[in-house]
Amino acid sequence: MTVLAMASRDAPKAAIEPPAASLRGVTRHYRFPGGAKTLHALGPIDLDLRQGEFFSVVGPSGCGKSTLLDVLAGLNPPSEGTASFEGKPIAGVPDGIGVVFQEDASFPWLTVEANVAFGLKRAGIGQAEIDRRVDYAVGFMGLRDFRQSYPAQLSGGMRQRVCIARTLVLQPRLILLDEPFGALDQQTRLIMGDELLRLWRETRATVLLITHSLDEAAMLADRVGVMSARPGLFIDIIETGWPSDRDSRIVADPRFGEMTGRIWEKLRTETMKHMQTQGAGPR
Amino acid sequence: MSSKVLASKTMASKTLPSRTLPGEALRNIVPPIVLALVLILCWQGLHLATASGAISSPAATLARLVVLMGSGRFWLDVAETGTAFAWALVLSIVLGIGLGVALALLRPVGEVMEPILVTFYSLPKVTLYPLVLLIFGLGMPAKIAFGIMHGLVPITLLTRNAITQLKPVYLRTAKVMRLSAFEAVRSVVLPAIIPELVAGIRIGFSLSLLGVLIGEMFASKRGLGFTAVNAMGLGDLDTIMAIGVFLALFAVLANGGLLSLERAIRHRSAGR
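Being a predicted model, the structure only gives us computed values, none of them experimental. (Residues numbered from 1 in each chain as written. Chains lettered and ligands numbered in written order. Predicted model: local features only at pLDDT ≥ 70, side-chain atom pairs only at ≥ 80, totals over all residues. Heavy atoms only, no water.)

Undergrad: An account of the overall build of chain A is requested, with residue identities and associated values reported.
TA: Helix and strand counts for chain A come out as 8 helices and 10 strands. Buried residues in chain A amount to 57% of all 283 residues. For chain A, the share of sequence-separated contacts (at least 6 apart) that also reach a separation of at least 24 residues comes to 71%. (Helix = DSSP H or I, 4+ residues; strand = E, 2+ residues; numbered from the N terminus. Buried < 20%, exposed > 50% of the residue type's maximum accessible area, 1.4 Å probe, protein only. Contact = heavy atoms within 4.5 Å.)

Undergrad: An account of the side chain of T206 of chain A is needed here, citing residue identities and associated values.
TA: Residues and elements named next belong to chain A. Along the chain, T206 turns up in strand 8 (residues 206-210). Polar side-chain contacts of T206 include one of 2.8 Å to the backbone nitrogen of G52. The residues contacting T206, other than those within four sequence positions of it, are A20, L49, R50, Q51, G52, E53, R173, L174 and I175. (Polar contact = N/O pair within 3.5 Å; in protein donor to acceptor, adjacent residues only side chain to side chain.)

Undergrad: Before we move on, can you summarise empty space enclosed by the protein with the specific residues and values?
TA: Evaluated as defined, the whole model comprises 3 cavities of 30 Å³ or more. Roughly 110 Å³ of volume is contained in the largest cavity. Lining the largest cavity we find 15 residues, and of these V99, R166 and T167 of chain A together with V176 and M177 of chain B sit closest to its centre. Elements supplying a minimum of two residues to the lining of the largest cavity: strand 6 (97-100) and helix 5 (156-168) of chain A together with helix 8 (168-176) of chain B. Residues belonging to the lining of the largest cavity are distributed by class as follows: 9 nonpolar, 4 polar and 2 charged. What the second largest cavity holds in volume is close to 60 Å³. (1 Å grid on protein atoms, 1.4 Å probe; cavity = no way out; pocket = protein on both sides within 12 Å on 5 of 7 lines; lining within 4 Å. Points joined across faces, edges and corners; volume = space filled by probe spheres on them. Nonpolar A, V, L, I, M, F, W, Y, C, P; charged D, E, K, R; others polar.)

Undergrad: Pulling in residues and values, what's your account of the environment of M217 of chain B?
TA: Residues and elements named next belong to chain B. As for its placement among the helices and strands, M217 is situated in helix 10 (residues 194-218). For the pair M217 and K143, spaced 74 residues apart in sequence, the C-alpha separation works out to 9.7 Å. Excluding anything up to four places from it in sequence, M217 contacts G225, F226 and V229.

Undergrad: So what about the nonpolar core? Which residues, and what values?
TA: Residues L23, F54, V116, L176, L208, F234 and I263 of chain A are the most contacted members of the largest nonpolar core, which totals 129 residues. If you tally residues by element for this core, the top one is helix 4 (residues 72-105) of chain B, at 10 residues. If near-sequence neighbours (up to four positions away) are discounted, L208 of chain A is found in contact with L49, F55, V57, L69, L72, I175, L176 and L177 of chain A. (Core = buried A, V, L, I, M, F, W, Y, C linked by side-chain atoms within 4.5 Å.)

As structure tokens, this is what we get:
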């Protein structure tokens, strides 16, 4: 493991507290339809997510990043190995995990307010508490003026904010983000990254972010996991050592360039491997 | 940059539709009126062209319709047909949506059933009418069954297709919200497919009405279908045409209402 010579805010804590979530020898194989052949998509993976850390995952396309997230979310059981959340094996979606997907998952038939309150209503929470949490979340995500708007009336970035707010109100202890800003332009991504860091600091939740963007991974995370081409394995986990009160201005720090360079160095070989298997390698 | 500033910045140029202006209202109303006038002129032309009087004139039809609407018997027929149609439509909607959801969720069963339903849909249902009579006998149940046979399949197929084409992320969201299968269908799947459901109901509406009328024509002593066939036997062209116009006006108005509803829902969900 590569560790920058900077102290992470969570380094002493990590040694004491049990991990928020763990993967032990996790693999995932997919069976091709109608055949005996299987595709080895992931693993074996061993990973401990520390309590309250921000962990980013980068890797070539098709390396199993989203599969990893699905296993942690309980959406997809591992073929081998065990996944656990707060010490308990994951079977189905556990209570306390929130997921934000890459695609726009806002419900177009509901207003912003009703979208945000959706999970709370189904969880049987009292109306007063729903109102309080929704009010906080829409304010936090800058949606107060759009409470009665429908998603079709919002931009892509704002719709993604609605989805984040919908997850936020459920007060998850582990937030899984699957390329949530993938469809946004670079400037909006930076701003959304700041919002995400603010959210993380405020909630003290553990965050796992899947991303294709090296800048995003390096800017947001305490640790960056670099995955190999399929079957996805962690070839390195890099500690960024950024202070917890960081924001997007860190991209101007000379150490940021060093960090992204370090991640790219690890990732380059794997990306080329992936391109060659896809028949698009450099000549 | 504050959240508010970003929100304003990222707020799309999409804005709420402005209120319909009088000019726009005219643009919506004038074409149907012009179309209706053209149809009436064509109808009059056909009446004049068929010298034997095979087609009643618009004026004679209207006069007969006014007389019919003043008689108690006509409204009894309307009530009879309306009751059979209402039952057929409600049952087609409930069974069609239920069956469509089931066939979408049980994917292998759905893949087997779809071609069977399409084949059934393309069959002339009249050929199955003896079977319906054997099962239900003469009367209301047979008419309702015949209406369902016409309306059920399109609603089922459109419901199934709408669910199979649903964005997978909605179902994944339902899962991470830990909704039960029933709750996911009720609060995510059904609201998500409402525009397609309304379209299916619109088609099912017309076909159910057609089925009930055909049922009345073949084996009934009451209802608008029976009255029309009876008039045909008596060579009473004005009555046949008057009933046709009455049914057409009802179907056009109801269909227009459902179409407006469908458009309103689709407009609201236009960002999908």
